[in-house]
Amino acid sequence: MPPPRLARSLLLAFVPHARRAEIDGDLLEGFRARVERDGAAAARRWYWQQLCTTDLLRLRALHGGRRVPDMTGGNGMMLQDLRFAARSLARSRLYTLAVVAVLAIGIGAVTAVFTLVHSVLLRPLPYRDADRLVMAFRTVPRLGFTRSTVSYPDYRDWRALPVFEDLAAYANAERTYHGPDGAESWRGVAVTGNLLPMLGAGARTGRAIVATDGRPDATPIVVLSHRTWQRSFGGNPDAIGRPVRLGEVAVTVIGVMPPAFDFPNGDLDFWVPLPDALSTPRDQNFLSVVGRLSPGVTPAVAQRELAAFAGRVDSTSADGNRGYGVFVEPRHAFAVRNVRSALIAFQLTVLLVLALACGGVANLMLSRGLSRRREMAVRTALGATRGRLLRHLMTESTVLAVAGGVLGVMLSTVLCRLVVAFGANQLPRLHEIRLDAAVLAAATAVTLLAALVCGLAPALQLGRTSLVMSMRLRGDSAVRARRYRLQDGLVVVQLALSVVLLVSAALVGRSFLRLTAIAPGFDPEGVVAGRVAYRASPQDTGLAGRDRFFEELTRRVGALPGVTVAGLTFSLPFSEQWFSTQMLPEDAPGRVDDAPAIKGSVVDGAYFSAIGMPLVRGRAFGPDDRAGAPRALIVSRSLAERFWPGQDPIGQRVRDDETDRLTVVGVVGDVHQSSLAEEPAPMYYVPLTQAGSWASVLFVVARSAADPAPLVPLIRSELRAINPALPLTQVATAGALIDRTIAAPRFRALTFTVLGAFAVLLAVAGIYGIVSLGVAERTREIGVRLALGAERGRVIAMVVGRGMRLSLAGVGLGVVGAVAATRTLESLLFGVTARDLPTFAAASAALLVVAVAASYLPARRASRVDPLVSLREG
């Protein structure tokens with residue numbers, strides 16, 4: 001039998017939390033006996049069983065033999081649970097701030113994206129019976145047009161079909177407003193008289209356009225947008241009834257539309273009536289058609305009826321209706337067609353972020369719970385039921401989730417404002433983005449779900465804590481392993497979700513870098529352009545007057561200080577303005593009407609130098625390419641290779657109808673005319689002096705050796721000197737045009753990068769936390785290993801090894817998940833595939849590297865443990 005002093009030393013060594021005052025004679029004697037008979041481990045377990053039983057009986061005796069009340073004094077009262085949770089969280093401020101911050105970011109991101117999705121994709125359009133509104137288009141398969149405009153005869157015939165309850169039409173219109181401060185270019189639409197009543201749209205002030213306003217004998221009128229009314233008339237109600245001059249016509253302002261009304265698109269200045277009974281041919285397509293389906297009619301049924309009607313017209317019409325198709329699309333689907341896939345991808349991504357945040361918070365709660373295991377065990381020993389403990393722990397998690405939810409909703413409003421500010425050109429219906437009842441209900445549901453997910457697993461784990469187990473945790477490796485299995489699983493899931501997000505961010509980021517690395521086909525440095533819509537003055541009419549006007553304009557602009565060259569073009573790159581013509585090489589068989597359409601533009605001889613397009617062969621347009629001379633043509637390199645592969649294109653001839661011929665005089669490089677993401681389309685160019693009268697709206701392009709922005713007021717001044725009635729519009733530098741075309745990919749790349757960085761941060765925090773906790777729990781074991789001669793490198797390898805095992809498991813699971821998840825990104829990628837192996841490898845390797853670094857820090861700390869201190873404190 002060991003002596004009393006040795007027994008006391010063994011007791012204090014094996015039961016480190018025991019106080020000397022708790023050791024009475026009976027317990028000491030029993031402990032000594034069991035050390036000799038059963039060994040130290042059995043003696044330790046017996047001691048704590050006896051100690052807890054003795055303390056519990058003493059406390060119960062003080063309460064008359066009744067069950068000891070819960071230490072919180074809860075007695076089932078939620079208010080007391082909330083008070084206790086608030087006090088407990090207030091004592092752990094750093095933990096509380098970390099949990100609330102992580103939840104706020106996760107809930108805020110989900111709420112913000114759901115706000116966007118709900119406002120853009122889910123909320124009905126703000127029109128009467130919006131679910132039955134459709135757009136009706138002509139399709140031109142041979143030209144690749146899937147949504148083309150409609151002729152007035154087609155619109156008139158379609159309107160009589162019974163599938164439509166009502167059918168209206170509109171056409172883009174541009175007018176010059178002559179105000180007190182000079183000429184301004186206004187963008188608007190000409191609408192049939194039934195369009196605004198069909199939409200249920202009324203004027204904010206005055207009245208809207210009605211059916212009688214389109215009659216030939218009606219007074220010319222205009223309805224202003226709220227923005228234009230404020231900008232040009234100062235919001236003065238006296239503007240109603242005032243005559244204004246739009247172009248060459250005096251019109252009367254009859255009303256102002258509400259601020260939120262933006263049909264058919266935003267940034268409109270006015271609406272004017274479309275004249276009734278237009279006498280235009282069936283092959284002149286310029287109208288967009290919107291209608292309300294009859295009750296019970298679907299868009300598919302309407303499309304079949306229109307297609308059957310078009311077939312009947314094809315068999316009898318001789319004015320260009322052949323070869324067309326019909327497409328009917330819900331108005332809402334048409335409005336969001338370009339952003340649907342991106343918003344869905346964002347929604348799925350932020351849900352992963354929320355899951356990652358919840359996993360990180362659950363791990364924080366488990367880590368904190370392990371430090372409270374003695375508290376939970378003592379409360380259990382003193383009579384608290386398991387349900388009572390679960391309720392208390394769930395109350396804490398709910399308090400944290402509610403705080404995170406409130407901050408998350410506040411954060412979401414900031415994020416939405418940032419999206420509105422930076423995504424104005426990327427998303428439709430931006431003015432409708434707001435927090436409403438549906439969004440708040442979704443945020444509440446997300447908050448409650450976060451509370452349940454974050455708090456349930458730690459609560460169930462800690463709710464099973466017993467006092468004996470809590471005291472055995474440090475010394476019993478089997479118990480410790482079972483305890484940390486849940487935390488290890490959470491870390492693996494965190495890492496897997498992080499891999500999915502990181503791979504997604506890397507794919508979108510690489511796609512954006514591939515896009516920005518593409519040469520546009522011209523040199524944008526120092527280039528500025530502005531649009532001029534020529535209108536003949538009484539003393540300067542005809543094509544000769546137009547040519548003189550633009551020649552004088554380019555001469556004046558080219559003489560400005562710093563300008564090296566100035567030119568003209570009908571189709572500026574990325575301006576979405578061009579025309580298409582069917583043409584064939586002169587000796588090619590077949591009819592021109594059956595040939596594919598080719599994009600074309602009207603330019604002057606200096607345009608290619610002004611925009612920075614290389615002249616590959618031949619010459620640019622010159623003075624000899626005048627009206628009446630043989631028609632000249634410059635083609636792009638890709639068009640030359642298509643028409644004359646392996647031949648010299650200079651001197652070759654093409655036909656754009658069955659009689660006329662054009663001679664190729666030059667070849668220029670290919671230009672990305674529509675988007676950097678699309679292959680350069682074959683292009684042809686004709687000289688302004690040989691173009692028809694329709695070529696009267698051109699861009700003047702100036703190249704400067706310095707910053708071109710200061711040239712804009714000078715160009716306006718020169719234009720005003722020639723014709724003060726003509727405004728300079730759509731002014732932009734060539735660099736700004738390129739930035740505009742990559743704005744949406746940049747926005748996506750930035751968003752995914754931020755989400756990916758947040759995912760990596762949470763994953764690193766999870767690895768660091770779980771390894772640090774393991775080191776803290778094994779401090780005594782590590783001290784013994786070091787005391788017995790273990791090398792510090794082996795201790796570091798042991799600790800890092802655990803982090804690496806978790807990291808490898810998480811990365812492996814994440815790669816599998818990423819293979820499936822990245823399929824949703826295919827429509828957003830350019831130059832990379834959704835299963836790009838280098839991207840997967842790089843993202844996985846990066847996450848493993850940061851995971852090793854996160855594991856190394858606590859491992860390095862563990863290798864410096866003082867064995868004597870660890871044995872004394874262990």
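Everything numeric here is computed off the predicted structure, so don't read it as measured data. (Residues numbered from 1 in each chain as written. Predicted model: local features only at pLDDT ≥ 70, side-chain atom pairs only at ≥ 80, totals over all residues. Heavy atoms only, no water.)

**Here we look at the overall build of the protein**
- Each helix and strand in the protein was counted, giving 26 helices and 24 strands.
- Classification of the 874 residues of the protein by burial places 51% in the buried group.
- Counting contacts in the protein only where the partners sit at least 6 residues apart, residues at least 24 apart contribute 79% of the total.
- Carbon and sulfur atoms form 59% of the exposed surface of the protein, whose accessible area is close to 39400 Å². (Helix = DSSP H or I, 4+ residues; strand = E, 2+ residues; numbered from the N terminus. Buried < 20%, exposed > 50% of the residue type's maximum accessible area, 1.4 Å probe, protein only. Contact = heavy atoms within 4.5 Å. Areas by Shrake-Rupley, 256 points an atom, 1.4 Å probe, with all protein chains shown as cover.)

**Some remarks on the environment of R619**
- Relative to the helices and strands, R619 is located in the loop between β18 (615–618) and β19 (632–636).
- Non-local contacts of R619, meaning those with residues more than four positions away in its chain, are made with D625, I634, V665 and G666.
- At 2.9 Å, the side chain of R619 forms a polar contact with the side chain of D625. (Polar contact = N/O pair within 3.5 Å; in protein donor to acceptor, adjacent residues only side chain to side chain.)

**A closer look at the environment of C358**
- Following the sequence through the fold, C358 ends up in helix α11 (residues 340–371).
- For the pair formed by C358 and Q494, sequence separation is 136 residues and the distance between their alpha carbons is 9.2 Å.

**Regarding the packing of aromatic side chains**
- Under the counting rule described, the total for this entry stands at 19 aromatic pairs.
- Between F346 and F752, the ring centres sit 5.4 Å apart and the planes meet at 40°, which makes this aromatic pair tilted. Of this pair, F346 sits in helix α11 while F752 sits in helix α22 (residues 743–777), and the two are 406 residues apart along the sequence.
- The class for F346 is buried, based on a relative accessible area of 6%.
- Here Y534 and F549 contribute two aromatic rings whose centre-to-centre distance is 5.1 Å and whose plane-to-plane angle is 35°, an arrangement assigned as tilted. Remark: F549 occurs in helix α17 (residues 542–558) and Y534 occurs in the loop between β13 (527–533) and α17; sequence separation between them is 15 residues. (Phe/Tyr/Trp six-rings, centres within 6.5 Å; stacked < 30°, edge-to-face > 60°.)

**Remarks on the pattern of salt bridges**
- One pass over the full model with this rule turns up 24 salt bridges.
- Residue D836 is joined to R510 by a salt bridge in which the shortest nitrogen-to-oxygen separation is 2.4 Å. One end of the pair, D836, is in the loop between α24 (792–821) and α25 (837–863); the other, R510, is in helix α16 (residues 477–516), with 326 residues separating them in the sequence.
- We classify D836 as buried; its relative accessible area is 14%.
- Here R653 makes a salt bridge to E586, at a shortest N to O gap of 3.4 Å. Highlighted residues: R653 in strand β20 (residues 653–655) and E586 in the loop between β16 (584–585) and β17 (597–603), separated in sequence by 67 residues.
- Residue E586 is classed as partly exposed on the basis of its relative accessible area, which comes to 34%.
- Several salt bridges converge on common partners, so that one network encompasses D129, R132, E165 and R292. (Salt bridge = Lys/Arg side-chain N within 4 Å of Asp/Glu carboxyl O.)

**Overview of the nonpolar core**
- Formed by 108 residues in total, the largest nonpolar core has its most connected members in M613 and Y685.
- What Y685 contacts, discounting residues up to four positions off in sequence, is S601, V603, F608, M613, F621, A632, L633, I634 and V668. (Core = buried A, V, L, I, M, F, W, Y, C linked by side-chain atoms within 4.5 Å.)

**Brief notes about the side chain of T115**
- Along the chain, T115 turns up in helix α5 (residues 93–122).
- In this structure T115 touches C416, I433, R434, L435 and V439, once residues within four positions along its chain are discounted.

**Section: the side chain of S504**
- Tracing the backbone through its elements, the reader meets S504 in helix α16.
- Those residues in contact with S504 that lie beyond four places of it in its chain are F752, T822 and L825.

**Points about α5**
- Here α5 is 30 residues long and its end C-alpha atoms lie 40 Å apart, about the 44 Å a rise of 1.5 Å per residue gives.
- Among the 30 residues of α5, 22 are classified as buried, and the element is accordingly described as predominantly covered. (Expected span 1.5 Å × (residues − 1).)

**Side note on the pairing of β19**
- Across the five residues that make up β19, a large majority, five, are buried.
- Across the two faces of β19 the burial is the same, with A632, I634 and S636 and L633 and V635 all buried.
- Judged from the five bridges that link them, β19 and strand β21 (residues 662–668) form a sheet pairing that is parallel. Across the sheet, residue S636 finds its bridge partner in β21, namely V668. (Pairing = 2+ DSSP bridges.)

**Observations concerning a nonpolar patch on the surface**
- Nonpolar side chains collect at one region of the surface, where V402, V406, L407 and M410 lie side by side and expose about 350 Å² of accessible area between them.
- By the element assignment, M410 lies in helix α13 (residues 386–422). (Patch = residues over 30% accessible without salt bridge, like charges linked within 9 Å, V, L, I, M, F, W, Y side chains within 5 Å.)

**Concerning unusual backbone geometry**
- Following F263, the chain continues into P264 via a peptide bond in cis, with omega recorded as 0°.
- Take P264: it is sitting in the loop between β9 (249–256) and β10 (270–273).
- The phi torsion at D129 lies on the positive side, around 50°, for a residue other than glycine.
- By the element assignment, D129 lies in the loop between α5 and β1 (133–140).

**Overview of the confidence of the model for the protein**
- On average, the protein scores 80 in pLDDT, and the residues at 70 or more come to 79%.
- A low-confidence stretch, residues 1–24 (pLDDT under 50), is modelled with 38 contacts involving residues beyond four sequence positions or located in other chains.
- pLDDT under 50 marks residues 466–479. Its contacts with residues more than four places away, or in other chains, come to 29 contacts. (pLDDT = per-residue confidence, 0-100.)

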